[in-house]
Amino acid sequence: MAVGSLTLLCALIQNGWAQLPPVPNAPDIVNPATHQNGAEPLSQNETHPNAKRLASQVALALTTYSQTETAEQIARRLDFAGSEAKGLAATFHIPGAWSKGRIIYPQLGGLGASAASVMVVVEQMVGTSEGIRVFIRTLDVRLALSDGIWRFADLASIGGTLITEPAPPSPQALAVLNDPRIEMPDSARWDILSGSISQNLLAVMARLAERFPFGVVTLSQGHPYEVFGTDRQSDHTRGRAVDIYRLGDTLVIDGRTDGSAVHQTVQWLYQQPEIRQIGSPWALDGVGGKSFTDRLHQDHLHIAVAQ
Ligand SMILES: [Zn+2]
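Keep in mind the model is a prediction, meaning the values are calculated, not measured.

Describing unusual backbone geometry
Next, step 1: Although it is not a glycine, D147 sits at a positive phi angle of roughly 55°.
Next, step 2: Mapping D147 onto the fold places it in the loop between β3 (131-146) and β4 (149-157).
Next, step 3: According to the relative accessible area criterion, D147 is exposed, its value standing at 75%.

Topic: helix α8 (residues 261-271)
Next, step 1: Burial in α8 covers these residues: V262, H263, T265, V266, W268 and L269.
Next, step 2: Tucked inside the fold, the buried residues of α8 contact α7 (199-211), β7 (241-247), β8 (250-251), β9 (275-279) and β11 (301-305).

Examining the layout of surface pockets
Next, step 1: One number sums up the size of the largest pocket: a volume of about 440 Å³.
Next, step 2: In terms of lining, the largest pocket is formed by 24 residues, of which the most central are V227, R232, F292, H297 and H302.
Next, step 3: Secondary-structure elements contributing two or more residues to the lining of the largest pocket are β1 (98-111) and β9.
Next, step 4: By residue number, the principal contributor to the lining of the largest pocket is β1, which donates five residues.
Next, step 5: Its residues placed into classes, the lining of the largest pocket shows seven nonpolar, 11 polar and six charged.
Next, step 6: Two domains each put at least three residues into the lining of the largest pocket: domain 1 (10-157) and domain 2 (171-305).

Considering the sheet that holds β3
Next, step 1: Pairing is antiparallel across the open sheet formed by four strands, whose spatial order is β1-β2-β3-β4. For this open sheet the edge positions go to β1 and β4, each flanked by a neighbour on one side alone. Shown here is a sheet whose adjacent strand axes are inclined to one another by a mean of 30°, direction ignored.
Next, step 2: Pairing analysis gives seven bridges linking β3 to β4, with the strands arranged antiparallel. Bridge pairing in β4 links L143 to F152.
Next, step 3: The strands that helix α2 (residues 49-63) touches are β1, β2 (115-128), β3 and β4; relative to β1, the one it contacts most, it runs at about 150°.

Considerations on the packing of aromatic side chains
Next, step 1: What the rule picks out here adds up to one aromatic pair.
Next, step 2: Pairing Y105 with Y245 gives two aromatic rings, centres 4.8 Å apart and planes at 15°, and the pair type is stacked. Residue Y105 is found in strand β1, and its partner Y245 is found in strand β7; the two are separated by 140 residues along the sequence. Of the two residues, Y105 and Y245, neither departs from the other in class, the shared state being buried.

Quick notes on the pattern of salt bridges
Next, step 1: All told, the structure shown has 12 salt bridges when counted by the stated rule.
Next, step 2: Across the salt bridge formed by D140 and R142, the nearest N and O atoms sit 2.9 Å from each other.
Next, step 3: The buried category is assigned to D140, whose relative accessible area is 1%.
Next, step 4: R207 is the partner of E274 in a salt bridge, and the nearest nitrogen-oxygen pair spans 2.8 Å. Placement of E274 in the loop between α8 and β9 and of R207 in helix α7 is noted, with a sequence separation of 67 residues between them.
Next, step 5: The buried category is assigned to E274, whose relative accessible area is 17%.
Next, step 6: Each of E46, K52 and D299 takes part in one network of salt bridges that share partners.

With respect to the coordination of the zinc ion
Next, step 1: Coordination sphere of the zinc ion, protein contribution only: H236 (NE2), D243 (OD) and H302 (ND1), at 2.0 to 2.1 Å.
Next, step 2: Read from N- to C-terminus, the donor residues coordinating the zinc ion fall into the pattern H-x6-D-x58-H. Placement of D243 in strand β7 and of H302 in strand β11 is noted, with a sequence separation of 59 residues between them.
Next, step 3: For D243, a relative accessible area of 2% gives the class buried.
Next, step 4: Classification of H302 by relative accessible area gives buried; the value is 9%.

Topic: the side chain of H297
Next, step 1: Structurally, H297 is set in the loop between β10 (291-292) and β11.
Next, step 2: Among the polar contacts listed, one links the side chain of H297 to the side chain of D294, at a separation of 2.8 Å.
Next, step 3: Excluding residues within four positions of it along the chain, H297 makes contact with G279, S280, P281, F292 and H302.

Here we look at the confidence of the model for the protein
Next, step 1: Looking at the protein as a whole, its pLDDT mean stands at 87, while 87% of the residues score no less than 70.
Next, step 2: No element of the protein has a lower mean pLDDT than helix α1 (residues 3-15), which averages 37, and none a higher one than β11, which averages 98.
Next, step 3: Counted against residues more than four places away or in other chains, residues 1-37, with its pLDDT under 50, gives 41 contacts.

Overview of the pairing of β3
Next, step 1: Across 14 bridges, β2 lies against β3 in antiparallel orientation. Residue pairing for β3: A116 is matched across the bridge by L143.
Next, step 2: Connecting β2 to the next strand, β3, in antiparallel fashion are two residues.
Next, step 3: Counted between consecutive antiparallel strands, the loop separating β3 from β4 contains two residues, among which D147 sits at a positive phi close to 55°.

Rules used in this analysis
- Residues numbered from 1 in each chain as written.
- Predicted model: local features only at pLDDT ≥ 70, side-chain atom pairs only at ≥ 80, totals over all residues.
- Heavy atoms only, no water.
- Helix = DSSP H or I, 4+ residues; strand = E, 2+ residues; numbered from the N terminus.
- Buried < 20%, exposed > 50% of the residue type's maximum accessible area, 1.4 Å probe, protein only.
- Contact = heavy atoms within 4.5 Å.
- 1 Å grid on protein atoms, 1.4 Å probe; cavity = no way out; pocket = protein on both sides within 12 Å on 5 of 7 lines; lining within 4 Å.
- Points joined across faces, edges and corners; volume = space filled by probe spheres on them.
- Nonpolar A, V, L, I, M, F, W, Y, C, P; charged D, E, K, R; others polar.
- Domains from an automatic or database assignment.
- Pairing = 2+ DSSP bridges.
- Axes fitted to C-alpha atoms, helices over the stretch in contact; angles between N-to-C directions.
- Phe/Tyr/Trp six-rings, centres within 6.5 Å; stacked < 30°, edge-to-face > 60°.
- Salt bridge = Lys/Arg side-chain N within 4 Å of Asp/Glu carboxyl O.
- Donors = N, O, S within 2.8 Å, 3.2 Å for Na, K, Ca; no water.
- Polar contact = N/O pair within 3.5 Å; in protein donor to acceptor, adjacent residues only side chain to side chain.
- pLDDT = per-residue confidence, 0-100.

Spelled out as structure tokens, the structure:
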């Protein structure tokens, strides 16, 4: 690809298709998800900015390299995150290709007294002699807190792999996959294409899109297998839950005032018959109810269905 085309492509990705005139012969490689507020800079309302920043920096270092760079050189750039991170340098490295990472959003996946999961949605644009491809994955980045400082501990999930032979999609799956109002990482698309996501959950997602465009961080892959810090299998692992980080252009972390659109949406979700549990900045029905809140559920809506 010519440098001019690449510059144009980058401009398109940063600015969105809609704001630019049609481009003849534009390569059909841009993911339909639009970029939202992103992680840089982080919202001032974030509750754990240092953890999110570190997890995002690791994700960017793993997905950003030049055509001539080797895994050893990537490892040296990961010095800041310690030896555990350096050992992962080759995870997203394709020898002879260039790669550029971009953070879509880092959401908390679990919080313990001295440990955390940050689910980083990262876009990786890869250029080879055959062209450019874009993958958007949800990475489960584990951190540990020592002496008041977050440190990298583990990459617990790379958010799955490309589905080459999808199961025949249901009407509900097609409705969600094709809805331009639903921004999803490829990790979530692969979950749907593998046939592992609840039809009831897909139906709720399609109805929610009628109210607001929204952004998904995870369905299943990329989320901790168990509810963080417990031995209980997560509803995400069963394909029965979705985490949403934005409604329209408003991040959940920025929409935590009573009466906000986010608050009203939680009230609407509460009325939907398929829903078993909603985690959000609010507990609508007190302790032990269907709607719950805690310090983890400040930056996203966790929506789980019964089956
Ligand atoms: Zn969740």
